[in-house]
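Listed here are the chains, written in short residue letters.
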Amino acid sequence: MIARTEAWSAVNSGSFEPAGLARMRELLLDAFAALPGAIEQAPLAPSQRVKPDGTLADIEHGASVRVRVRPGAPIQVALTGHYDTVFPAAHPFQKPWREGATLRGPGVADMKGGLSVMLAAVQAFERTPGEKRVGYEVLLNPDEEVGSLASAPLLADLGKRAHLGMTYEPSMADGALVDARKGSANYSLVVHGKAAHVGRAFSDGRNAVIAAGNAALALNALNGVREGVTFNVGAIDGGSAVNVVPERAVMRFNVRAPDTESAAWAQDEVARIEREAGEREGIRVHLHGGFTRAPKPLNDAQRTMKAWTHEAGAVLGLDLQFRPSGGVCEGNNLFAAGCPNIDTLGPCGGGLHSDEEFALIPSFAERAKLSVLMLAALDRGAFDVKSLRS
Ligand SMILES: [Zn+2]
């Protein structure tokens, strides 16, 4: 598992690096072909991004890798993960190395290490004796670090079909897993005003940057109004020379909310701010985006998943702990499709999304065993999937 993670870590697969993603995909097609099921590439539609000038651009994402093993079996498990990383090819952090019991490198935790654990776990499960009642579908995506917009339909479709999900984001360095996650929305507010020369016709101008700035302040003022809901203004693009009233601006922001009700409230507030911005004389606005990952609160099905994970951990002598996270992942997508899931079944690690990223080497075997035990318990009926969905 460690050697495989090192080999995968050495291949740059930043979310916007099509050549590297294609190389990584070849390695995955090779490795996951060891499973006793049909392996295929599932092409993804491009996603759209608002450019700094307010127009839309298509982003290509390549393909997901999919393996279906025993699709007719009575119990179906969704096994998901991503093979993109946040590191572009130009980033200095490109190669893995070991420091004692620590493996460092891009993606060693998030989540090439997780994919390696996933593969080892299902291979070990396949070697357990007896006819299997558990079938599964592996889905490996190239766009998680940029919001899973392109793979979202595949995740939703899989989530509807599977009884439960197992996703391989890293556990925390102290071994804790994540139980609840906030939902996340990304927006771009495109503002059109009217250009004018500041000396000759200042009062004819309608300042798009000021309108975007006012909307940004209105958003920021919502922080602290409702528990757990955050509004982050991330960027404002717009304007040119200082002697021109700017006619265009794009304000980008992120919203996080812990549950469905607070997400609905946040959406209403965003719609109000959009409306108020557009009501200013001479200003037109368009809002792009929304909640691409719904909240994943701790409901009854999630409590059962958590209890099962803890029980499997106890067999290994672990007292697994769980903590909520404001971060989002494919577990949010599966949950939104009605698929309860544990989404931090990868190795323990930290420093994610930075050149401090690391994974703890002994945790690879430990977490692979955890997954094998969970699959085996499902297979033998010790964990009853019927109790998950009522
Ligand atoms: Zn990840």
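Here, every reference points to the structure presented above.
Read on for a plain summary of the structure. No experiment lies behind these values; they were computed from the predicted model shown.

1. As for the overall build of the chain
In terms of helices and strands, the chain carries nine helices and 20 strands. Taking 21 Å as the expected radius of gyration for a compact globule of 390 residues, we find that the chain reaches 23 Å, a close match to that expectation. Projected onto its principal axes, the C-alpha positions of the chain cover 85 × 45 × 40 Å. Across the 390 residues in the chain, those meeting the buried criterion constitute 52%. Put simply, 79% of the contacts in the chain that link residues at least 6 apart link residues at least 24 apart. Here the chain has roughly 16,300 Å² of accessible surface; of this, 54% comes from carbon and sulfur atoms.

2. Brief notes about the sheet that holds strand S19 (residues 349–350)
Within the open sheet, the four strands sit side by side as S6-S7-S20-S19. Their pairing is antiparallel. Each of the sheet's edge strands pairs with one partner strand only, and the pair in question is strand S6 (97–99) and S19. Of the strand pairs in this sheet, strand S7 (residues 102–104) and strand S20 (residues 358–360) are connected by three bridges, and their pairing is antiparallel. The partner of Leu103 across the bridge, within S20, is Ala359. Packing against the sheet, helix H9 (residues 361–379) makes contact with S6, S7 and S20, and its axis sits at approximately 60° to S20.

3. Quick notes on the sheet that holds strand S15 (residues 248–257)
In spatial order, the strands read S13-S15-S11-S16; together these four strands make up an open sheet with antiparallel pairing. Both edges of this open sheet fall to strand S13 (230–238) and strand S16 (284–293), since each of them pairs with a single strand only. Taken over all neighbouring pairs, the strand axes of this sheet differ in orientation by 15° on average, direction set aside. Here eight bridges tie S13 to S15, and the two strands are oriented antiparallel to one another. Looking at the pairing, Ala235 lines up with Arg252 of S15. Relative to the sheet, helix H5 (residues 208–220) contacts strand S11 (183–192), S13 and S15, its axis offset from that of S15 by approximately 10°. Sheet strands in contact with helix H6 (residues 260–278) are S11, S13, S15 and S16, and its direction is about 165° off that of S16.

4. As for the coordination of the zinc ion
The protein atoms that coordinate the zinc ion are His82 (NE2), Asp110 (OD), Glu169 (OE) and Glu169 (OE), at distances of 1.8 to 2.5 Å. Seen from the zinc ion, its four donor atoms lie at angles of 55 to 142°, and the figure they make is irregular. Residue Glu169 is classed as buried on the basis of its relative accessible area of 8%.

5. Some points on unusual backbone geometry
Note that the residue after Asp110, namely Met111, is joined by a cis bond; omega there is -15°. A positive phi angle is found at Arg70, which is not glycine, with a value near 50°. Backbone geometry at His353 places phi at a positive 65°, although glycine is not the residue there. Within the element layout of this structure, His353 appears in the loop between S19 and S20.

6. Describing the state of the cysteines
All told, the structure shown has zero disulfides when counted by the stated rule. Unpaired in this structure, Cys329 has its nearest cysteine sulfur neighbour in Cys339, at a distance of 12 Å. For Cys329, a relative accessible area of 1% corresponds to the buried category.

7. Digging into the side chain of Ser116
Along the chain, Ser116 falls in helix H3 (residues 112–127). Given a relative accessible area of 0%, Ser116 falls into the buried group. Once residues within four sequence positions are removed from consideration, Ser116 is found in contact with Met1, Arg4, Thr5 and Trp8.

8. A closer look at the pattern of salt bridges
Per the stated rule, a full pass over the model turns up 20 salt bridges. For Arg272, the salt bridge goes to Glu276, with nearest N and O atoms at 3.3 Å. With a gap of four residues between them, Arg272 and Glu276 both fall in helix H6, about one helical turn apart. When its relative accessible area of 38% is taken as the criterion, Glu276 is described as partly exposed. Members of the salt-bridge network, linked through shared partners, are Glu40, Arg66, Arg68, Glu137, Asp157 and Arg161.

9. Structural notes on the packing of aromatic side chains
In total, this model carries five aromatic pairs according to the counting rule given. Ring geometry for Phe87 against Phe93: centres 5.1 Å apart, planes inclined by 70°, an arrangement best described as edge-to-face. Each member of the pair, Phe87 as well as Phe93, is classed as buried. When the centroid spacing of 6.0 Å and the interplanar angle of 75° are considered together, the rings of Phe231 and Trp265 count as edge-to-face. In this pair, Phe231 sits in strand S13 while Trp265 sits in helix H6, placing the two residues 34 residues apart along the sequence. Judged by its relative accessible area of 5%, Phe231 is buried. In this structure an aromatic cluster arises from ring pairing among Phe87, Phe93 and Trp97.

Rules used in this analysis
- Residues numbered from 1 in each chain as written.
- Predicted model: local features only at pLDDT ≥ 70, side-chain atom pairs only at ≥ 80, totals over all residues.
- Heavy atoms only, no water.
- Helix = DSSP H or I, 4+ residues; strand = E, 2+ residues; numbered from the N terminus.
- Rg over C-alpha atoms; globule rule 2.2 N^0.38 Å.
- Buried < 20%, exposed > 50% of the residue type's maximum accessible area, 1.4 Å probe, protein only.
- Contact = heavy atoms within 4.5 Å.
- Areas by Shrake-Rupley, 256 points an atom, 1.4 Å probe, with all protein chains shown as cover.
- Pairing = 2+ DSSP bridges.
- Axes fitted to C-alpha atoms, helices over the stretch in contact; angles between N-to-C directions.
- Donors = N, O, S within 2.8 Å, 3.2 Å for Na, K, Ca; no water.
- Tetrahedral: all angles 85-135°; square planar, octahedral: opposite > 155°, others 65-115°.
- Disulfide = S-S within 2.5 Å.
- Salt bridge = Lys/Arg side-chain N within 4 Å of Asp/Glu carboxyl O.
- Phe/Tyr/Trp six-rings, centres within 6.5 Å; stacked < 30°, edge-to-face > 60°.

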